[in-house]
Every structure is written in C-alpha cells, then in structure tokens.
Amino acid sequence: MTDTARLAPGDEAPAFSLPDADGNTVSLADYRGRRVVVYFYPAASTPGCTKQACDFRDNLAEFNGAGLDVVGISPDKPAKLAKFRDAEGLTFPLLSDPDRSVLAAWGAFGEKKMYGKTVQGVIRSTFVVDENGKIAEAQYNVRATGHVAKLRRDLSV
C-alpha cells in the first residue's frame, strides 16, 4: 500500500459503515446534520492510544455541548475494541477497520516514520466533519498527548 491522498477542508468526507465494539454497524451518514470528530489511531490498549482515547472521554461533555460527536477508528477487531472500551470506560463509538480501507480513504494509512525508520501504518489523524458531510478540519500526524486540548482550542470548545 502506498501513500494515500490527504483530505483538506472543503473535501467531501469519505463515507463509511463499520462495526463498532459490539458488532453494530455505524455509518458516517448516521451523523448527518451534526458535526463529528473522526479520529484514527493505530491500536487499542497501547499507551499513546489509551491516553488519546481517555482525553476524548474526559472532554466528551464539552465536545457534545458544542454540538460535536466523537468517533474513533482503528484496525482492531470489535472484540479488542470492546475490551479497550470497557477497561477505559470509553463512552463514544470505537469502530473496526481491519482491512484499513476507510483508513486509506481518509489518508490515515501509509508511510510514516517510526523510530527513524519508514514504515507502512496508521497515521494518527483527526478530522472534523461538518453538518453537511464536508471536512472542516484535517489534522495528520497528531500527537497522542495534548492533541485533544489543542483540538478544543482550535474549535473553541
């Protein structure tokens, strides 16, 4: 797999329908009419991804109060997502994209640097999709720690 095209504000958000931690299908279309933060992370239950997910959990009321829902997507299988959700008390949907097709469509899978080496993998990325299904914010290569606070500042949440 090679680098995928990156999304930019104004682009149509690529549609998706993926299973959540309980195996229920969640689609981007379910959020039409609301703004939604869609974030992509490499692996459930790893230190950075846990920190990021817990930051979203701890700030969810503020995001929801500002009219923003939150959805996390990783290549993990639903059973692993359920274990992660339950262990960390996560209260927003975690979606499973094991074939990485949605990750690729959003430009969140491709070449990245890890410990000085170039590898293929999940590019930690966050997007804000507006009420009409357009990309309002596209942030690639975000840091796990401090990212949610920065996003809140950027969005005035």
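Residues numbered from 1 in each chain as written. Predicted model: local features only at pLDDT ≥ 70, side-chain atom pairs only at ≥ 80, totals over all residues. Heavy atoms only, no water.

An unreviewed UniProt entry lists the protein chain under the name thioredoxin-dependent peroxiredoxin, with Mycolicibacter sinensis given as the organism. Looking at the Catalytic activity (unreviewed entry) heading of the UniProt record, one finds this comment for the protein chain: "a hydroperoxide + [thioredoxin]-dithiol = an alcohol + [thioredoxin]-disulfide + H2O". If you open the UniProt record of the protein chain and go to Function (unreviewed entry), you find "Thiol-specific peroxidase that catalyzes the reduction of hydrogen peroxide and organic hydroperoxides to water and alcohols, respectively. Plays a role in cell protection against oxidative stress by detoxifying peroxides and as sensor of hydrogen peroxide-mediated signaling events." (UniProt positions renumbered as here; feature names shortened; annotations may be inferred.)

Peer 1: For the overall build of the protein chain, give the residues involved together with the corresponding values.
Peer 2: Broken down by element type, the protein chain carries five helices and nine strands. Each helix and strand of the protein chain, ordered N terminal to C terminal, gives the series β-β-β-α-α-β-α-β-α-β-β-β-β-α. For 157 residues, the compact-globule formula gives about 15 Å, and the C-alpha radius of gyration of the protein chain, at 14 Å, lands near that figure. If one aligns the C-alpha atoms of the protein chain with their principal axes, the spans along those axes are about 40 × 35 × 30 Å. Expressed as a percentage of the 157 residues in the protein chain, the buried residues total 48%. Here the contacts in the protein chain between residues at least 6 apart in sequence split such that 64% fall between residues at least 24 apart. In the form shown here, the protein chain has an accessible surface area of approximately 7400 Å², with 50% of it arising from carbon and sulfur atoms. Both charge centroids of the protein chain, one from 20 positive and one from 20 negative side chains, sit 7 Å from each other. (Helix = DSSP H or I, 4+ residues; strand = E, 2+ residues; numbered from the N terminus. Rg over C-alpha atoms; globule rule 2.2 N^0.38 Å. Buried < 20%, exposed > 50% of the residue type's maximum accessible area, 1.4 Å probe, protein only. Contact = heavy atoms within 4.5 Å. Areas by Shrake-Rupley, 256 points an atom, 1.4 Å probe, with all protein chains shown as cover. Lys, Arg positive; Asp, Glu negative; His and termini not counted. Charge placed at Lys NZ, Arg CZ, Asp CG, Glu CD.)

Peer 1: Help me get a handle on the pattern of salt bridges, residues and values and all.
Peer 2: This model, assessed by the stated rule, comprises eight salt bridges. With a shortest N-O distance of 3.0 Å, arginine 85 and aspartate 22 are connected by a salt bridge. Within this pair, whereas arginine 85 is found in helix H3 (residues 78-88), its partner aspartate 22 is found in the loop between strand S1 (17-19) and strand S2 (25-27), the two being separated by 63 residues in sequence. In this structure, the salt-bridge partner of lysine 150 is aspartate 154, at a minimum N-O distance of 2.8 Å. Of this pair, lysine 150 and aspartate 154 are both found in helix H5 (residues 147-155), four residues apart, which corresponds to roughly one turn of the helix. Linked through salt bridges whose partners overlap, the residues forming this network are Asp22, Arg85 and Asp86. (Salt bridge = Lys/Arg side-chain N within 4 Å of Asp/Glu carboxyl O.)

Peer 1: Would you mind going over the sheet that holds strand S4 (residues 68-74) in detail, with residue names and values included?
Peer 2: Taken together, five strands build an open sheet; the order of strands is S5-S4-S3-S8-S9 and the sheet is mixed. The sheet is open, and its two edges are formed by strand S5 (94-96) and strand S9 (135-140), each paired on a single side. Averaged over all pairs of adjacent strands, the angle between strand axes in this sheet comes to 20 degrees, irrespective of strand direction. Where strand S3 (residues 35-40) meets strand S8 (residues 125-129), five bridges bridge the pair, whose relative direction is antiparallel. (Pairing = 2+ DSSP bridges. Axes fitted to C-alpha atoms, helices over the stretch in contact; angles between N-to-C directions.)

Peer 1: Describe in detail the packing of aromatic side chains, supporting the description with residues and values.
Peer 2: Throughout the structure, instances matching the rule amount to 11 aromatic pairs. Both rings, one in phenylalanine 40 and one in tryptophan 106, keep their centres 5.6 Å apart while their planes meet at 50 degrees; by these two values the pair is tilted. In this pair, phenylalanine 40 sits in strand S3 while tryptophan 106 sits in the loop between helix H4 (101-105) and strand S6 (109-114), placing the two residues 66 residues apart along the sequence. A centroid spacing of 6.4 Å and a plane angle of 70 degrees characterise the contact between phenylalanine 56 and phenylalanine 92, whose relative ring orientation is edge-to-face. (Phe/Tyr/Trp six-rings, centres within 6.5 Å; stacked < 30°, edge-to-face > 60°.)

Peer 1: So, the state of the cysteines: which residues are in play, and what are the values?
Peer 2: Here the structure, examined in full by the defined rule, presents zero disulfides. Cysteine 54 supplies the cysteine sulfur nearest to cysteine 49, a cysteine that is in no disulfide, at a spacing of 11 Å. (Disulfide = S-S within 2.5 Å.)

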